[in-house]
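Structural overview for review
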Amino acid sequence: MSEGGEIFNLWALPPVDLYIKIYLFNITNAEAFLAGRERLKVEQVGPYVYKEIMTHKNVTFNKNNTMSSTPSHPLVWQEEMSGSRHEDDEVIMLNIAMLAISHLTANHPFLVRMALKTLLASTKSEPIVRTTVKEFMFGYPSALATLGNTFLPNWISFEKVGLIDRMYDFTTDYETFYTGVPDPALSGLYATYRGEKTLPQWEGQHCSNIEYASDGTKFKSFIQPNETVKFFRKSMCRPINLYRVGDEKTYGRLKGYNYVFEDNAFDNGVNNEANKCFCRKGDCQPVGLIDVTDCYYGFPISLSFPHFMNGDLGLQQNVTGMHPDPAKHSSVFVIQPESGLPLSLSVKVQINMHFKDLRNYQAVSKFSHLTAPMLWFEIMMPRLPDSLDSRFNFYLNILPMVNPLGFWSALLLGVSLLSYAICKATLHMSSYGRQSAKISEGNNARVNLLQKLKNSGDAAANQVYSPCEVNLIVDRSKQQPVIVRSFGDDSVFQQVHRNSGYALDMEPALSDAAESSDDGHNYDIPLSRNLKTSTTLLTDVCTECFHNSPLKADSGNECLPSTAVFDRLATSLVSSVFSSSPSSIQSSRSRESAASSNPTKDWVQYIHPDRSDAKIIQDH
């Protein structure tokens, strides 16, 4: 649990309909009984129904994964459920205050007993009184209670005595519960009561240990079939074990099992030796009773099942009007084992006054060694509210089905996506393989073409492409000037016009990566490798023709190339200025190398910077 969480809020203020039904034993023969003529005769009246608002207040979370709180259980009268009965109905009941004081002082010294007799006579107290139902259950101002507080200061600290009022007095209580960290199964179970794991009135772990007990809000989760669970409530003054019986049953939309009190729960060790620790101060009461004097302010109170069910036969024989019936008087808890959620509960307990020898007080001597029933109550929750039933049906029934469905759906979706990805990757790889095969064939064609170019003549070897491999796509009418400078004895410049602008039918040829370094070389005009429009090198102009013949621009020298040649050459060189190609650089290197070996056939291209028309420039 965490503060503000859903489970915490359900525990702190359970939105359930919890009721307490109270049945009183109205005495019908008070005069005859006190005269000693008859046994005590009683009749059951009720039920008087109250709604219990069970809350845990002032919750504090501790560092040891526990939470401390102050319990509060205010009761609200339910007139409709009580039928024709009302809180102001008159009943004849035991005078609890008088009988309690008499019992406490029965073995005191004579002077103490004489003082109490005088007190009882002055107040005209009677052991059996007429009172209203509400006064008996919730108390009324009593002179005996006031004097008893003065006469016995360590006995009681209140001035009115009401049996239900004392049973629901939680003003001095504080409880600590487990939050479920690290074990969620323990959430909402007792860690300590009033700071202790054991109850001080009992000896031994079996009788006193309340750790891991439930107050009825939530039981242990994930209960195994043969596992017992523990229940503790202040009004019972002890922990009590519950065990599973019968088959699974459906309550609303949830399924649970019946859990009942352990066998011989009130046998005081007669049948179950472990229960001998419930004998208070070594004094064991008859089978069917448990002494809870220490939990009820020293009053001689004993608990039993309604109508002394499963108790000693003498208890029933001493009082007329007892009719035990297991079908009516048995307690049962219906618990959903996975969550520990109570689906329904019915806890039935009877409150009695068990007297020892009272012969020292004549007024109450007829109660000696008598166990007088006063009332029995049923704390019951018939069923979960629809809101809780729907909510926990979703948590306990629907979600366990949704989780596997979600898992398998997600798994199926994942497998589908994986299959789709594999198919798509396979198709992509197949397509890529076909493209790679085509590219490989193209590369092989280029390599073969390059090999042919390398094996061609000296002039053809210095070209990127043979003239037959390019098509003229631009027919430029305007002549572009190119100056070709030959190196020889005359040192003359010759103007050449050549048409250029060729589109390559194929990708540029691959260059030798080992010779792609530009270190130590300067090139005037690099040619493009990557552009689809490239240029050819000057291969058609031979400077050898100009060694002995002066070049004139307008003369009809036979060595002068045609105007079409000049046009192609000029366009080619202008286009190559805008790109830098390793292949063109390679071609330039090749020509430079050839120039060093045969200077008479080498030349360098140069574009005139100022004019578009060809001029003859004299070499100085």
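Rules of the game
- Residues numbered from 1 in each chain as written.
- Predicted model: local features only at pLDDT ≥ 70, side-chain atom pairs only at ≥ 80, totals over all residues.
- Heavy atoms only, no water.
- UniProt positions renumbered as here; feature names shortened; annotations may be inferred.
- Helix = DSSP H or I, 4+ residues; strand = E, 2+ residues; numbered from the N terminus.
- Expected span 1.5 Å × (residues − 1).
- Buried < 20%, exposed > 50% of the residue type's maximum accessible area, 1.4 Å probe, protein only.
- Arc of directions from axis to C-beta.
- 1 Å grid on protein atoms, 1.4 Å probe; cavity = no way out; pocket = protein on both sides within 12 Å on 5 of 7 lines; lining within 4 Å.
- Points joined across faces, edges and corners; volume = space filled by probe spheres on them.
- Nonpolar A, V, L, I, M, F, W, Y, C, P; charged D, E, K, R; others polar.
- Contact = heavy atoms within 4.5 Å.
- Polar contact = N/O pair within 3.5 Å; in protein donor to acceptor, adjacent residues only side chain to side chain.
- Pairing = 2+ DSSP bridges.
- Axes fitted to C-alpha atoms, helices over the stretch in contact; angles between N-to-C directions.
- Phe/Tyr/Trp six-rings, centres within 6.5 Å; stacked < 30°, edge-to-face > 60°.
- Disulfide = S-S within 2.5 Å.

- As named in an unreviewed UniProt entry, the protein is Scavenger receptor class B member 1 isoform X4, taken from Drosophila kikkawai.
- The Sequence similarities (unreviewed entry) field of the UniProt record for the protein holds the comment "Belongs to the CD36 family."

Topic: helix α5 (residues 110-122)
- Relative to the 18 Å expected for 13 residues at 1.5 Å per residue, α5 spans 18 Å between its end C-alpha atoms, a close match to the ideal helical length.
- Turning to α5, its buried residues are Arg113, Leu116, Leu119 and Leu120. Buried residues of α5 fall within an arc of 120 degrees about the axis and therefore sit on the same side. Turned more than 90 degrees from where α5 packs its buried face, Leu111, Thr118, Ala121 and Ser122 sit exposed.
- Taken from the residues just after α5, Lys124 is the one with a positive phi, measuring 55 degrees.

Topic: empty space enclosed by the protein
- Following the criterion strictly, the structure yields five cavities of 30 Å³ or more and no others.
- Quantified by volume, the largest cavity comes out at close to 100 Å³.
- Contributing to the lining of the largest cavity are Leu94, Asn95, Ile96, Ala97, Val129, Thr131, Glu135, Phe136, Tyr140, Ser142 and Val161.
- Of all the secondary structure elements, the ones that give two or more residues to the lining of the largest cavity are α4 (96-105), β7 (128-132) and α6 (133-138).
- Across the lining of the largest cavity, the residue classes break down as seven nonpolar, three polar and one charged.
- Computed from the structure, the second largest cavity encloses a volume of approximately 80 Å³.
- In terms of lining residues, the second largest cavity is bounded by Met54, His56, His73, Phe170, Glu175, Tyr190, Asp215, Phe232, Arg233 and Lys234.
- Classifying every residue of the lining of the second largest cavity gives four nonpolar, two polar and four charged.

Looking at unusual backbone geometry
- For the peptide bond that leads from Gly46 to Pro47, omega is 10 degrees, which places it in the cis range.
- As for its position among the elements, Pro47 is in strand β2 (residues 40-52).
- For Arg194, which is not glycine, the phi torsion reads 55 degrees and is therefore positive.
- Among the secondary structure elements, Arg194 is positioned in the loop between β9 (190-193) and α9 (205-208).
- The backbone phi angle of Asn268 is positive, close to 55 degrees, even though this residue is not glycine.

Describing the environment of Thr217
- Within the element layout of this structure, Thr217 appears in the loop between α9 and β10 (229-233).
- Given a relative accessible area of 13%, Thr217 falls into the buried group.
- For Thr217 and Gly188, which are 29 residues apart along the polypeptide, the C-alpha to C-alpha distance reads 7.6 Å.
- Other than its neighbours up to four places away in sequence, Thr217 contacts Trp11, Pro14, Met54, His56 and Pro342.
- Side-chain polar atoms of Thr217 contact the side chain of Asp215, separated by 3.1 Å.

Observations concerning the sheet that holds strand β8 (residues 175-178)
- On the basis of which strands lie adjacent, the open sheet formed by four strands has the order β3-β4-β8-β9 and antiparallel pairing. Either end of the sheet is taken by a strand with one partner, and the two such strands are β3 (55-61) and β9. In this sheet, neighbouring strand axes are inclined to one another by 30 degrees on average, regardless of whether the strands run parallel or antiparallel.
- When β8 meets β9, the two strands line up antiparallel, connected through three bridges. Residue Phe177 lies in a different strand from β9, and its bridge partner there is Tyr190.

Description of the packing of aromatic side chains
- As enumerated under the stated definition, the model contains 20 aromatic pairs in all.
- Ring centres of Tyr168 and Phe170 lie 6.3 Å apart, and the angle between their planes is 80 degrees; on these two criteria the pair is classed as edge-to-face. Here Tyr168 matches Phe170 in class, with each residue buried.
- With a centroid separation of 5.6 Å and an interplanar angle of 65 degrees, the aromatic rings of Phe355 and Phe367 are classed as edge-to-face. Taken together, the positions of Phe355 in the loop between β17 (341-354) and β18 (371-381) and Phe367 in the loop between β17 and β18 put the pair twelve residues apart, joining distant regions of the chain.

Remarks on the state of the cysteines
- Taken as a whole and assessed by the stated rule, the structure comprises three disulfides.
- At a sulfur-sulfur separation of 1.5 Å, the disulfide partner of Cys207 is Cys277. Taking the torsion about the sulfur-sulfur bond, which here is approximately 75 degrees, the covalent link between Cys207 and Cys277 counts as right-handed. With Cys207 in helix α9 and Cys277 in the loop between β12 (254-261) and β13 (290-291), this residue pair connects regions lying 70 residues apart in the sequence.
- Taking the relative accessible area as the measure of exposure, Cys277 reaches 21% and is therefore partly exposed.
- Paired through a disulfide, Cys279 and Cys284 show a sulfur-sulfur distance of 1.8 Å. Taking the torsion about the S-S bond as the criterion, the Cys279 to Cys284 disulfide, at about 105 degrees, is right-handed.
- Since its relative accessible area comes to 34%, Cys284 is described here as partly exposed.

A word on the layout of surface pockets
- Taken as a whole, the largest pocket spans an internal volume of roughly 680 Å³.
- Lining the largest pocket are 35 residues, with Ile7, Lys218, Ser339, Leu341 and Phe392 sitting closest to its centre.
- Within the residue set of the lining of the largest pocket, elements represented by two or more residues are α1 (6-12), β10, β17, β18 and α12 (386-455).
- For the lining of the largest pocket, the element with the most residues is β17, which contributes four residues.
- Its residues assigned to classes, the lining of the largest pocket shows 24 nonpolar, seven polar and four charged.

Structural notes on α4
- Judged by how many residues are buried, α4 sits mostly within the fold: nine of ten residues are covered.
- Where α4 is concerned, the buried positions are Ile96, Ala97, Met98, Leu99, Ala100, Ile101, Ser102, His103 and Thr105.

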